[in-house]
Amino acid sequence: MEFRGIDTPRAEWTGDCLVIGLFEDGVELTGDLTTLDHKLAGTLQEIISEAEFKGKAESSISARVGSQSPVRKVGLVGLGKVEHLTPETLRRAAAAAARIAQKERVKTLGLSLPTWNGNAAASVQAVVEGIELALHQDTRFKSDSDEKPPKLERVELLGFAGQDAAITKGQQIALGVILARELVSAPANIVTPITMAETAAAIANEYGMELEILEKEDCEKLGMGAFLGVAQASDMPPKFIHLTYRPVGTPRKKVAIVGKGLTFDSGGLNIKGAGSGIEMMKTDMGGAAATLGAAKAIGQLKPDVEVHFISAVTENMISGHAIHPGDILTASNGKTIEINNTDAEGRLTLADALVFTEKLGVDAIVDLATLTGACVVALGDDIAGLWSPNDDLANQFLEAAQHSGDKYWRMPMEEKYFEGMKSVVADMKNTGPRPGGAITASLFLKQFVKETPWIHLDIAGPVWTDKENGYHNPGGTGFGVRSLVSWVLS
Ligand code: BES
Ligand code: MN
Ligand code: ZN
């Protein structure tokens, strides 16, 4: 798809379809829109009245115009209240415009949206992300792939001439989000620890990044007993991925992103029962998917920041080799863990990944994980939980994520709850009582980070959507990529 910023006035634009954003209570046609409406034989006013269009956020209408008109189709998208305008409003409005273009089968789309906060670059970036992501349809596993509608080929962004860099940035970030979506949506017989390592290798090759894959034997040498305990029942070899982006010159900061990478989570011998959503556990590598998606975006954006992308990738399976409930594992920092529930496996893989990461001497670590059902109960499907012992880092991340469309809510690291993880025989158990299950999970992870500022993100809710929602289509959402990139660049 080709994007172009142009300065053609709305009343003079010609092409297949023109979509205009209107604020709530700003739907009376004045000024140039009156001129435009005359050219369109009154269609704008007609559809506003007929559909009782009020400019509410997420609302949209479209119609055909007479064949003598300079544009064949016209659409309106609601922007909500003018004082609530954010880049996310623009991302969603642009997605609605893209859906109109798709429905009306147009090739060229003219889009007229306002600038957020005088920031044309941020506005254009959000618009481009919204369009690319709304149009992304994952048909890899459908056999009837030839009945696709004619594709939108060209989008002209009215009033945004000279924003080529922002267009490119939006496209690069969208490619990262799409990679994450496709990794999450693919089933566990397609995306395995081996293909995850291959995906990392493809990124390393394409963008000139360093790649280290630790095989099982390498992990044994490093004493990664927690990660390998989870991996030991699988017929698939575990892969510990360490991908590094190094800028030319001295990096402004060094950070690490660590993603939970369970390509399938059966629960292990504490197997997930009926109604547990076991068939959705292909999504349990959503943290690793976001990590690789962010790597793909960073590889293209080339910021002056050193970034390490890490994931201990495996399946959690059952077999004669499986860890028994009650087994004691020793992590690579020497701490011993009594496995009172084999389904609390993500924290075990992350334990060794965090110990490895801290040795890299970075300034900050962010981990993302589809870690607990408890976090979904607390925050629902749209919001991820954020835990950190470090207020400055937490605030910095929340600020960077604010306009990304990825929603986070900070949760408490209530140290007292770690009492629930006390073990009679080992340093700790891997599972606490049911209440506060997402909090005890984060306290468990904290045992494996000594002093580096660190954030844990529980993305079990927003990793997937069953419904179309704004720029999301049903499937993996690519949650985390935009906020991670925004944080790295901040
Ligand atoms: N991968 C799951 C968490 C999960 C649940 C992700 C639902 C997405 C949707 C994780 O490994 C898990 O099984 N967690 C257990 C922990 C429990 C045994 C302490 C859970 O949340 O039930
Ligand atoms: Mn589990
Ligand atoms: Zn899991």
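All of these numbers come straight from a predicted model, not from anything done at the bench.

Conventions we followed
- Residues numbered from 1 in each chain as written.
- Chains lettered and ligands numbered in written order.
- Predicted model: local features only at pLDDT ≥ 70, side-chain atom pairs only at ≥ 80, totals over all residues.
- Heavy atoms only, no water.
- Donors = N, O, S within 2.8 Å, 3.2 Å for Na, K, Ca; no water.
- Tetrahedral: all angles 85-135°; square planar, octahedral: opposite > 155°, others 65-115°.
- Helix = DSSP H or I, 4+ residues; strand = E, 2+ residues; numbered from the N terminus.
- Buried < 20%, exposed > 50% of the residue type's maximum accessible area, 1.4 Å probe, protein only.
- Near = heavy atom within 4 Å.
- Polar contact = N/O pair within 3.5 Å; in protein donor to acceptor, adjacent residues only side chain to side chain.
- Areas by Shrake-Rupley, 256 points an atom, 1.4 Å probe, with all protein chains shown as cover.
- Nonpolar A, V, L, I, M, F, W, Y, C, P; charged D, E, K, R; others polar.
- Pairing = 2+ DSSP bridges.
- Axes fitted to C-alpha atoms, helices over the stretch in contact; angles between N-to-C directions.
- Contact = heavy atoms within 4.5 Å.
- Expected span 1.5 Å × (residues − 1).
- Arc of directions from axis to C-beta.
- Parallel < 35°, antiparallel > 145°, perpendicular 65-115°, else oblique.
- Left-handed = near helix turned anticlockwise from the far one by under 90°.
- Patch = residues over 30% accessible without salt bridge, like charges linked within 9 Å, V, L, I, M, F, W, Y side chains within 5 Å.
- Salt bridge = Lys/Arg side-chain N within 4 Å of Asp/Glu carboxyl O.
- Core = buried A, V, L, I, M, F, W, Y, C linked by side-chain atoms within 4.5 Å.
- Domains from an automatic or database assignment.

Here the zinc ion (ligand 3) is held by the protein donor atoms Lys260 (NZ), Asp265 (OD), Asp284 (OD) and Glu345 (OE), which lie 2.0 to 2.5 Å from it. Viewed at the metal, the 6 donor atoms of the zinc ion (ligand 3) are separated by angles of 77 to 173 degrees, and the geometry they form is octahedral. In the primary sequence, the donor residues of the zinc ion (ligand 3) line up as K-x4-D-x18-D-x60-E. Between the zinc ion (ligand 3) and the manganese ion (ligand 2), both coordinated by Asp265, there is a metal-metal distance of 3.2 Å. Of this pair, Lys260 sits in the loop between strand S9 (254–259) and strand S10 (261–265) while Glu345 is found in the loop between strand S13 (336–338) and helix H10 (346–358), placing the two residues 85 residues apart along the sequence. Residue classification places Glu345 among the buried residues on the basis of a relative accessible area of 1%.

Moving on, we come to the site of ligand 1. In the vicinity of ligand 1, 15 residues are found, and the nearest of them are Lys272, Asp284, Asp343, Glu345 and Gly373. Lys260 is positioned such that a nitrogen or oxygen atom in its side chain is 3.2 Å from an oxygen atom of ligand 1. Side-chain polar atom of Asp284 to a nitrogen atom of ligand 1: 2.8 Å apart, as the coordinates give it. Protein contact buries 76% of the 510 Å² of open area that ligand 1 shows by itself. The residue makeup of the shell around ligand 1, split by class, is 3 nonpolar, 5 polar and 7 charged.

Spatially, the 6 strands line up as an open sheet ordered S1-S6-S5-S2-S4-S3, and their pairing is mixed. A strand with exactly one partner marks an edge of an open sheet, and here the two such strands are strand S1 (2–6) and strand S3 (60–64). Strand-to-strand twist across the sheet, computed as the mean angle between neighbouring axes with direction ignored, equals 20 degrees. In this sheet, strand S5 (residues 108–112) lies alongside strand S2 (residues 15–22) in parallel orientation, the contact comprising 4 bridges. Each bridged residue has a counterpart across the sheet, and for Leu18 the counterpart in S5 is Gly110. The strands touched by helix H3 (residues 87–103) are S2, S3, strand S4 (71–78) and S5; relative to S4, the strand with the most contacts, the crossing angle is about 150 degrees.

Below, the discussion takes up helix H6 (residues 193–207). With 15 residues, H6 ought to run about 21 Å at 1.5 Å a step, and its terminal C-alpha atoms sit 21 Å apart, in line with that. Every buried residue belonging to H6 is among Pro193, Met196, Ala197, Thr199, Ala200, Ile203, Ala204 and Tyr207, and all of these are buried. In an axial view of H6, the angular spread of the buried residues amounts to 155 degrees, which keeps them on one side of the axis. Opposite the buried face of H6, by more than 90 degrees, sit the exposed residues Asn205 and Glu206. On its buried side, H6 packs onto helix H5 (164–185), strand S7 (210–214), strand S8 (239–245), S10, helix H9 (286–301) and strand S11 (306–316). Note on H6: the residue one or two positions beyond its end, Gly208, has a positive phi of about 65 degrees.

In this section: the environment of Ala394. If you trace the backbone, Ala394 turns up in helix H12 (residues 391–401). When the C-alpha atoms of Ala394 and Trp454 are compared, they prove to be 8.4 Å apart, with 60 residues separating the residues in sequence. Apart from residues no more than four positions distant in its own chain, Ala394 is found in contact with Leu386, Ser388, Arg410 and Ile455.

As a packed pair, H10 and helix H13 (residues 437–446) sit with axes 9 Å apart at the nearest point and diverge in direction by 30 degrees. In this view, H10 runs roughly parallel relative to H13, as classed from their interaxial angle. Relative to H13, H10 is oriented so that their crossing is right-handed. Between H10 and H13, the residues in contact are Arg347, Leu348, Leu350, Ala351 and Leu354 and Ala441, Phe444 and Leu445, respectively. Residue composition of the contact of H10 with H13, grouped by class: 7 nonpolar, no polar and 1 charged.

What the 3 strands build is an open sheet, ordered S12-S13-S17; its pairing is mixed. A single partner strand is all that each edge strand has here, and the edge strands are strand S12 (328–330) and strand S17 (428–429).

Each protein donor to the manganese ion (ligand 2) is listed here as Asp265 (OD), Asp343 (O), Asp343 (OD) and Glu345 (OE); together their distances run 2.1 to 2.2 Å. Metal-centred angles of 71 to 168 degrees between the 6 donor atoms at the manganese ion (ligand 2) mark the site as irregular. We note that the donor set of the manganese ion (ligand 2) lies within a single chain, spaced as D-x77-D-x1-E. Taking the relative accessible area as the measure of exposure, Asp265 reaches 2% and is therefore buried. Residue classification places Asp343 among the partly exposed residues on the basis of a relative accessible area of 23%.

Moving on to a nonpolar patch on the surface. Among the surface-exposed residues, Leu269, Ile271 and Ile318 lie close enough to one another that they form a single nonpolar patch of about 260 Å² accessible area. Its place among the elements puts Ile318 in the loop between S11 and S12.

Attention now moves to the environment of Met411. Its place among the elements puts Met411 in the loop between strand S16 (407–410) and S17. Taking the C-alpha atoms as reference points, Met411 and Tyr245, separated by 166 residues in sequence, lie 30 Å from one another.

What follows is about the nonpolar core. Counting 92 residues, the largest nonpolar core has Leu157, Phe309, Phe397 and Trp487 as the members making the most contacts within it. In terms of residue count, H5 provides more of this core than any other element does, 10 residues in total. Domain assignment of the residues forming this core places at least three in each of domain 1 (2–161) and domain 2 (171–489). Beyond its immediate stretch of four places on either side in the chain, Phe397 contacts Val366, Leu386, Tyr408, Ile455, Leu457, Ser483, Leu484 and Trp487. Listed in part, the 46 residues of the second largest apolar core include Leu214, Ala312, Ala351 and Met413.

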